[in-house]
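Residue-level structure breakdown
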Amino acid sequence: MPQDLLKTINGPHDLKALSVDQLPQLADELRECICDQISRTGGHFASNLCVVELTIALHYVFDFAQDRLLFDVGHQCYPHKLLTGRQKLFPELKTKGGMAGFPEPRESEFDLFSVGHAGTAIPTAVGMAIGDTAIGEGHRRCVSIIGDASIINGVSMEGMNYAGTLNRQFLTILNDNGMAIGDPQGAVAQYFDRIRVSHTFDDLKKRGKEILEMIPGGSYLEDFYHRSGEVIKAAISTGHVFEHFGHVCVGPLDGHDLPTLVDLFNEVKDIEKPILLHVKTVKGKGYVPAEGDPFRFHAPKAGVVVNGNGEKKVEEALSKGELEKSDCSVVKKPACGGKSFTAAFADGMKGLMAKDEKVYAITAAMPDGTGLDKVAEAYPDRTIDCGLAESLGMDMAAGMAKSGLKPFYAVYSTFSQRALDQTFQEVALQGLPVRVCMDRAGYVGGDGAMMHGFMDIAMNAVFPDVVMMAPSDESNFNAGLEFMRGYEKSATFIRYPRDVVAAEELQADVPKYELGKANLIKKAKGKKPDVAVLAYGVMVYTAAEAIRELEGQGYDVALYDARFAKPVDMGLVTELIEGGIPVVTVEDHGIVGGFGTMVLEGCNEAGLRTDKLKRIAHPEKWMYQDSRGGQLKDAGLDATGVASTIRKFLDKLSHDVNVDVKTKSSQQVAK
Ligand SMILES: Cc1ncc(C[n+]2csc(CCOP(=O)(O)OP(=O)(O)O)c2C)c(N)n1
Ligand SMILES: CC(=O)[C@@H](O)[C@H](O)COP(=O)(O)O
Ligand SMILES: [Mg+2]
C-alpha cells in the first residue's frame, strides 16, 4: 500500500481536511506503516495497532494544539505521533536522535508529559483540568486514554475518584482490550470481561429505549439522557462501575468503529461533566498473528513482525487452514545472542522453589519481562501476578513474609519506585525479609529516560538494616539468590541489568555470599597495586576488560566484585585506603546515592582519607533513548571509558604527589 493519505498528513489540520469516508483508509495506512517500522526496529506494537481508530477520531474531532490529550503508559502513542508531524522521525524509532517510544514534550507540543509508567494519565489530567480552569483556560478540553490493566493502578483509581467531582468537561477513555502485557488480573478485569461483548452502534440503537427505562426517573442521568445526542442516548450505560465514581458512563462501544467514534466525540466534546467512555478493542488489531497472540506482540524485537508481505503469507496460511491463530508462534523471535539476566533469574528462582516450598514469586503485571512466566509454568501455585499495581505487590510481599513465607518480588527497578513508601513502612520498618529482585537496573536502552533503573540503591539504602546486592554473572546470581533465601533479618534487594550474562565467567569457583563481603576476582601482580577496582554487578566484567587495557599500558590493578552496596565491605576499603592504594568504584547506577557514594560515606564515617577514591557511575543527567551500549558509552561506563577515567585519576594522583614532593623540598630549601 503506498500510504498516499498518510503522506499528506503533516499535522491534525491535514487530518481534519479528510472526509469521514477516507478515515478507514488512513487507519489501514497507519497500521501498515507501524507494521513495517516494527518489523525493522522492533518496538511497542499490539497496543499501537489497537488505538489506531481511537487516535484518528480524537484528532479529527478535538484540537489538541489547544485541548489536552494524555496517554496512560504512552506505549500506544505511535499513531498519535504519526498524525502530529513526526513521520520523519519514525524510521529512527527509539534510537538516539530518533523518535522516542513514549510521549515526549521535547519532540512536540502535542505531548504533554514525558511518561512511560502506568497510572499517570488520569491524575495528571485532573491536575491540568483544575489548572486550566483556574487560569481562565477552562475552554481547553481534557481527554485521557487508559488501558483496562492500567486503570486498576491505585493512582488511576484515586484520579477517577477525584475526577468524579469535577464540574467541567473531562473525558476518560477506557481502552479495554482485555489484556495487560499478559492476562489482566483481579476482580475488575473479571468485571470488564463480563461486559466484554462489544455492541455495535446499530445494536445499541435498538437498546436505546430499554436504557431509558433503566435510568431512574428524575435522576441527573435522565436529564442528561434527554439533552444528549443520538450516540450517547444509544450507548449510555447504567450500573457501570465508574458511575459510582461520579462519571456518566458510555459504552462499551466498538473502539474500531471510526464513524461512530467521530459522532460520539462530537457529541461528548462539550459536555461539562466527567464522562467515562468504555470502548472494547482488539490488541494487535489488523495484524493477524498479533490478534492471536497479543502477549508475544506487545513489544517484539526487530524481525518478529513480518512486514506487509509476510503478514499476507500468514493470513493466507490461516485462511487455508495451514496455520491456527493460536499457532502464530511460527513467527520466531530472533536469537538474542546470549542468556539474559532475566532468564538466569528465572532459572535461579526455579532452583530455589524446587528446594524450598516457602519460596513464592510475585510480579506486578510483568510475568514476561521478569521471567516469572517461565517460573509460573513450573510453579503455578507459588507464582502470583498481582496486576499492574507495584505498591500492592510490595504490601502483599510484606504480608506473606509476616505469615512466614519467603516472597521474592520480581519488579523492574524503575517500577519499584512506585512502591517506595510501602518498602519503607510495611517492609523495612517491620524488618520483614521481603526479597526484592530488581530487573532492568541500570540503563535500559531504547525506552529511555523514564525506564532506567538509576536510583534503586539511593532510594532503598536509606532504610536501616536492609541488604543490597548485585550479581556480576549467573553463578553469582544463583549464589546471591541463595543468600537471600536464607537471610531472615531484613529485606534484601538484588539488582541486575537488561543485559546478557557472561558466557565465560571470570571465576571457576564462586564463593558463597557472606554478608557485606566483597569477592577478590583478580589479584594484583605486585604487593601493592597501582589501583584497586571495586565493581558492582555486571560492571565487574566491564572493569575486567578495562583492566586488560590498563595492564597493557603497564598498570598493576586488583579487581573485586563488590557484591554488596549495603553493607559495604568496609574492612576491605579500610585496608586498601590505609595501605595507600587508590580505590575506584564502578557501577551502572546514578552517582548520587549509588554504590560509590556508599563507599565514600563509609570512608567519611570511618575517618578515612577520600582523596584516593574515585567513583565511576551515571553522570547526573537525563539519558534519552539509545542502545544500552550507547548510553553506557556516553556515561563513560564502557570498558574504554572506565580505563580512561582510571588512567586520568592515577595520572592526577601521581601529579599531585609530584607537586607535593616539589613543594615540600622547596619549603625545606627555604628553611
Ligand atoms: C508502573 C508501571 N508498571 C508496569 C509497566 C509495564 N507495562 C507497560 S504496558 C503494560 C500493560 C498495560 O496494559 P493496558 O493498560 O491494558 O494497556 P494495553 O497494553 O493493553 O494497551 C505494563 C504492565 C508500566 N509501564 N508502568
Ligand atoms: C511500556 C512498558 O513499560 C513495557 O512494555 C516496557 O517497555 C518493557 O520493557 P522491556 O522491553 O525491557 O521488557
Ligand atoms: Mg489492555
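Because the structure is a prediction, the values reported are computed rather than measured.

A short note on the sheet that holds strand β13 (residues 519–522)
- In spatial order, the strands read β13-β15-β14-β17-β18; together these five strands make up an open sheet with mixed pairing. The sheet is open, and its two edges are formed by β13 and β18 (613–618), each paired on a single side. Taken pair by pair, the neighbouring strands of this sheet meet at an average axis angle of 25°, ignoring direction.
- Two elements, strand β17 (residues 583–590) and β18, share five bridges in a ladder whose sense is parallel. Bridge pairing in β18 places valine 586 opposite isoleucine 616.
- Packed on one face of the sheet, helix α25 (residues 595–606) meets β14 (531–535), β17 and β18 and runs near 155° to β18.

Digging into the environment of leucine 258
- Along the polypeptide, leucine 258 turns up in helix α13 (residues 258–268).
- For leucine 258 and valine 20, which are 238 residues apart along the polypeptide, the C-alpha to C-alpha distance reads 8.2 Å.
- Contacts of leucine 258, omitting those with residues within four sequence positions, involve Leu23, Pro24, Ala27, Glu53, Ile56 and Ala57.

Things to note about the coordination of the magnesium ion (ligand 3)
- Protein-derived ligands of the magnesium ion (ligand 3) are Asp148 (OD), Asn177 (OD1) and Met179 (O), with the metal-ligand distances lying across 2.0 to 2.2 Å.
- When the donor residues of the magnesium ion (ligand 3) are listed from N- to C-terminus, their spacing reads D-x28-N-x1-M. Remark: methionine 179 occurs in the loop between β3 (170–176) and α9 (187–194) and aspartate 148 occurs in the loop between β2 (142–147) and α8 (154–163); sequence separation between them is 31 residues. Each of the two residues, aspartate 148 as well as methionine 179, counts as buried.

Overview of the UniProt feature "binding site: Mg(2+)" (unreviewed entry) in the protein chain
- Under the UniProt annotation, the feature "binding site: Mg(2+)" (unreviewed entry) is placed at Asp148 and Asn177. The named residues occupy 30 residues along the chain; their greatest pairwise C-alpha distance, 6.8 Å, places them in one compact cluster.
- Residue aspartate 148 is classed as buried on the basis of its relative accessible area of 5%.
- Beyond its immediate sequence surroundings of up to four residues, aspartate 148 is in contact with Leu174, Asn175, Asp176, Asn177, Gly178, Met179, Pro184 and Phe192.
- With respect to the secondary-structure elements, asparagine 177 resides in the loop between β3 and α9.

What to know about the UniProt feature "domain: Transketolase-like pyrimidine-binding" (unreviewed entry) in the protein chain
- Listed under "domain: Transketolase-like pyrimidine-binding" (unreviewed entry) in the UniProt record, and renumbered for this structure, are residues 339–503.
- The straight-line gap between the two end C-alpha atoms of residues 339–503 is 8 Å; of that span, 40% is helix and 16% is strand.

Some remarks on the packing of helix α18 (residues 390–402) against helix α20 (residues 420–428)
- Interhelical geometry of α18 versus α20 gives an angle of 10° and a closest axis separation of 9 Å. Relative to α20, α18 is oriented roughly parallel. Contact residues: α18 offers Ser391, Met394, Asp395 and Ala398, while α20 offers Gln422, Thr423, Glu426 and Val427.
- Here the contact of α18 with α20 is composed, by residue class, of three nonpolar, three polar and two charged.

Observations concerning the site of ligand 1
- In the vicinity of ligand 1, 22 residues are found, and the nearest of them are His75, Ser150, Asn177, Lys283 and Glu390.
- In the model, an oxygen atom of ligand 1 is placed 2.9 Å from a nitrogen or oxygen of the methionine 179 main chain.
- For ligand 1, the protein covers 98% of the area, taking 570 Å² as the surface of the free molecule.
- Tallied by class, the residues present in the shell around ligand 1 amount to 10 nonpolar, eight polar and four charged.

Considerations on the side chain of threonine 585
- Mapped onto the fold, threonine 585 is located in strand β17.
- Those residues within four positions of threonine 585 in sequence are excluded, and the remaining contacts are Leu534, Phe595, Gly596, Val599, Leu613, Lys614, Arg615 and Ile616.

Conventions we followed
Residues numbered from 1 in each chain as written. Chains lettered and ligands numbered in written order. Predicted model: local features only at pLDDT ≥ 70, side-chain atom pairs only at ≥ 80, totals over all residues. Heavy atoms only, no water. Pairing = 2+ DSSP bridges. Helix = DSSP H or I, 4+ residues; strand = E, 2+ residues; numbered from the N terminus. Axes fitted to C-alpha atoms, helices over the stretch in contact; angles between N-to-C directions. Contact = heavy atoms within 4.5 Å. Donors = N, O, S within 2.8 Å, 3.2 Å for Na, K, Ca; no water. Buried < 20%, exposed > 50% of the residue type's maximum accessible area, 1.4 Å probe, protein only. UniProt positions renumbered as here; feature names shortened; annotations may be inferred. Parallel < 35°, antiparallel > 145°, perpendicular 65-115°, else oblique. Nonpolar A, V, L, I, M, F, W, Y, C, P; charged D, E, K, R; others polar. Near = heavy atom within 4 Å. Polar contact = N/O pair within 3.5 Å; in protein donor to acceptor, adjacent residues only side chain to side chain. Areas by Shrake-Rupley, 256 points an atom, 1.4 Å probe, with all protein chains shown as cover.

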